[in-house]
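# An overview of the molecular structure
For reference, the chains in residue letters:
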Amino acid sequence: MSVTLHTTDSLEYLSSSLLPVPHGFSTRKGGVSKGYLESLNLGLNRGDERENVVQNYRLLGKAIGFDPFAAVGANQVHGKTILPVTARHKGELLGERLGIECDGLITNEPGIPLVVFSADCETVLLYDPVCRAIGAVHSGWKGTALGIVKTAVEAMVSAYGCKSKNILAALGPCIGQGCFETDANVPEAMSQALGELAEPAIRQAGAKYYVDLKALNRTWLLEAGLEEDHIDISQACTACQPDLFWSYRRHQDNRGSLAAVIVLPERRAES
């Protein structure tokens with residue numbers, strides 16, 4: 001079980017050996033965007049030319065195996081709303097604007113790629129091989145404090161009859177604990193939500209704190225009923241590798257957007 005880096009032509013992305021469906025976590029390499037957005041910017045709201053972003057999605061779709069023009073994305077608001085995606089949402093990602101507001105997407109319909117964005121925040125991809133359902137979640141520190149990944153698992157259970165013990169989860173690159181320096185409000189929110197379970201993911205150094213978003217989201221997934229060996233976690237830190245990933249901490253607003261994507265194929269395409 002591992003999250004590894006793949007290179008196809010000049011494009012680089014990560015995927016988890018745990019998930020047997022087309023999916024990936026983008027890097028900033030392999031696209032056509034220019035200047036401070038060089039080169040695989042996947043955000044339509046970052047000041048890029050629309051044609052560049054669309055071409056970047058074409059390149060990523062070819063590498064991973066999804067149709068970007070069928071994909072669904074959302075305007076992320078750092079909440080815990082999960083949207084069950086159906087055919088009527090198909091193509092929402094590359095529409096003129098993202099009309100959906102939420103931080104998590106789930107579906108059991110084949111051929112609809114789910115996309116969430118990040119630039120230091122955690123992204124989590126979910127797959128139930130028994131009920132054949134998928135999910136994509138954006139979990140920044142606010143979403144982590146709200147337990148959005150647990151809410152996403154519960155939504156898959158409610159909407160599609162999934163069992164938590166069958167769900168597989170891959171956590172993508174995000175800002176690591178050593179780089180995520182915060183004030184007291186962040187660890188206080190985690191402790192209020194998870195109690196003593198949050199303590200191993202919080203380290204204090206003087207007046208500042210260092211918070212491990214990966215560990216906290218893993219804890220939420222375990223609380224939701226996932227098996228320990230059904231959770232795969234990327235060790236990459238977006239802030240430590242600003243040449244490979246977009247990082248809000250490192251690049252501020254002079255940056256593009258990373259994306260995590262997953263799609264449920266037709267049954268015959270699964271392995």
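Just so we're clear, the structure is a prediction, and the values are computed from it rather than from any experiment.

## Quick notes on the pairing of strand β2 (residues 11-16)
Counting buried residues along β2, six of its six residues qualify, which places the element largely inside the surrounding structure. Where burial is concerned, the two faces of β2 agree: the one with Leu11, Tyr13 and Ser15 and the one with Glu12, Leu14 and Ser16 are both buried. Note: strand β1 (residues 3-8) against β2, six bridges, orientation antiparallel. When the sheet's bridge partners are listed, Thr4 is paired in β2 with Ser15. A loop of two residues connects β1 with β2, the two strands running antiparallel in sequence, and Asp9 in this loop sits at a positive phi of about 55 degrees.

## Concerning the environment of Gly256
Among the structural elements, Gly256 can be located in the loop between α6 (248-251) and β14 (258-262). The class of Gly256 is buried, set by a relative accessible area of 0%. With 211 residues separating them in the primary sequence, Gly256 and Asn45 have C-alpha atoms 8.8 Å apart. Ignoring any residue separated from it by four or fewer positions in sequence, one finds Gly256 in contact with Leu37, Asn41, Arg46, Ala119 and Trp246.

## Comments concerning unusual backbone geometry
Note: most peptide bonds trans; most residues except glycine with negative phi. With omega at 0 degrees, the peptide bond leading from Glu38 into Ser39 counts as cis. Within the secondary structure, Ser39 is located in the loop between β3 (23-26) and α1 (50-64). Positive phi is not limited to glycine here, since Asp120 has a value of about 120 degrees. Here Asp120 shows up in the loop between β6 (114-118) and β7 (122-128). Despite not being glycine, Arg132 shows a phi value in the positive range, around 55 degrees. With respect to the element layout, Arg132 can be found in the loop between β7 and β8 (133-139).

## Overview of the side chain of Thr151
Among the secondary structure elements, Thr151 is positioned in helix α3 (residues 148-160). By relative accessible area, Thr151 is classed as buried at 18%. Sequence-distant contacts of Thr151, that is, excluding residues within four places in its chain, are made with Lys80, Ile82 and Leu146.

## Regarding the sheet that holds strand β9 (residues 168-171)
Within the open sheet, the six strands sit side by side as β4-β5-β8-β7-β9-β13. Their pairing is mixed. Whereas interior strands pair on both sides, the edge strands pair on one side only; in this sheet they are β4 (82-84) and β13 (231-233). Strand-to-strand twist in this sheet, taken as the mean axis angle between neighbours without regard to direction, amounts to 15 degrees. Of the pairings in the sheet, the one linking β9 to β13 comprises three bridges and is parallel in character. What sits directly across from Leu171, in β13, is Ile233. Strands β4, β5 (104-107), β7 and β8 of the sheet are contacted by α3, whose axis makes an angle of about 155 degrees with β8.

## A look at the sheet that holds β6
Ordered by their spatial adjacency, five strands build an open sheet running β1-β2-β3-β14-β6, and the pairing between neighbours is antiparallel. Looking at the sheet topology across the chains shown, the edges are occupied by β1 and β6. Within this sheet the neighbouring strands show an average axis-to-axis angle of 25 degrees, counted without direction. Bridging between β3 and β14 involves three bridges; their strand directions are antiparallel. Looking at the pairing, Phe25 lines up with Ala260 of β14.

## Some details on the layout of surface pockets
Here the largest pocket defines a volume of roughly 790 Å³. Lining the largest pocket are 31 residues, and of these Gln76, His78, Phe117, His138 and Arg255 lie nearest its centre. Going through the elements one at a time, α1, β6, α2 (141-146) and α6 are the ones with two or more residues in the lining of the largest pocket. In the lining of the largest pocket, the residues fall into 14 nonpolar, nine polar and eight charged.

## Side note on the pattern of salt bridges
Summed over the entire model, instances satisfying the criterion amount to four salt bridges. Residues Asp253 and Arg46 are paired through a salt bridge, measuring 3.9 Å at the closest nitrogen-oxygen approach. You can see Asp253 sitting in the loop between α6 and β14 and its partner Arg46 sitting in the loop between β3 and α1, a full 207 residues away along the chain. Here Asp253 falls in the exposed class, since its relative accessible area comes to 53%. Assessed through its relative accessible area of 15%, Arg46 is described here as buried. Between Lys150 and Glu154 there is a salt bridge whose closest N-O contact spans 2.6 Å. Taken together, the positions of Lys150 and Glu154, both in helix α3 and four residues apart, correspond to about one turn of that helix. A residue is classified by how much of its surface remains accessible, and Glu154, at 41% relative accessible area, is partly exposed.

Conventions and cut-offs
- Residues numbered from 1 in each chain as written.
- Predicted model: local features only at pLDDT ≥ 70, side-chain atom pairs only at ≥ 80, totals over all residues.
- Heavy atoms only, no water.
- Buried < 20%, exposed > 50% of the residue type's maximum accessible area, 1.4 Å probe, protein only.
- Helix = DSSP H or I, 4+ residues; strand = E, 2+ residues; numbered from the N terminus.
- Pairing = 2+ DSSP bridges.
- Contact = heavy atoms within 4.5 Å.
- Axes fitted to C-alpha atoms, helices over the stretch in contact; angles between N-to-C directions.
- 1 Å grid on protein atoms, 1.4 Å probe; cavity = no way out; pocket = protein on both sides within 12 Å on 5 of 7 lines; lining within 4 Å.
- Points joined across faces, edges and corners; volume = space filled by probe spheres on them.
- Nonpolar A, V, L, I, M, F, W, Y, C, P; charged D, E, K, R; others polar.
- Salt bridge = Lys/Arg side-chain N within 4 Å of Asp/Glu carboxyl O.

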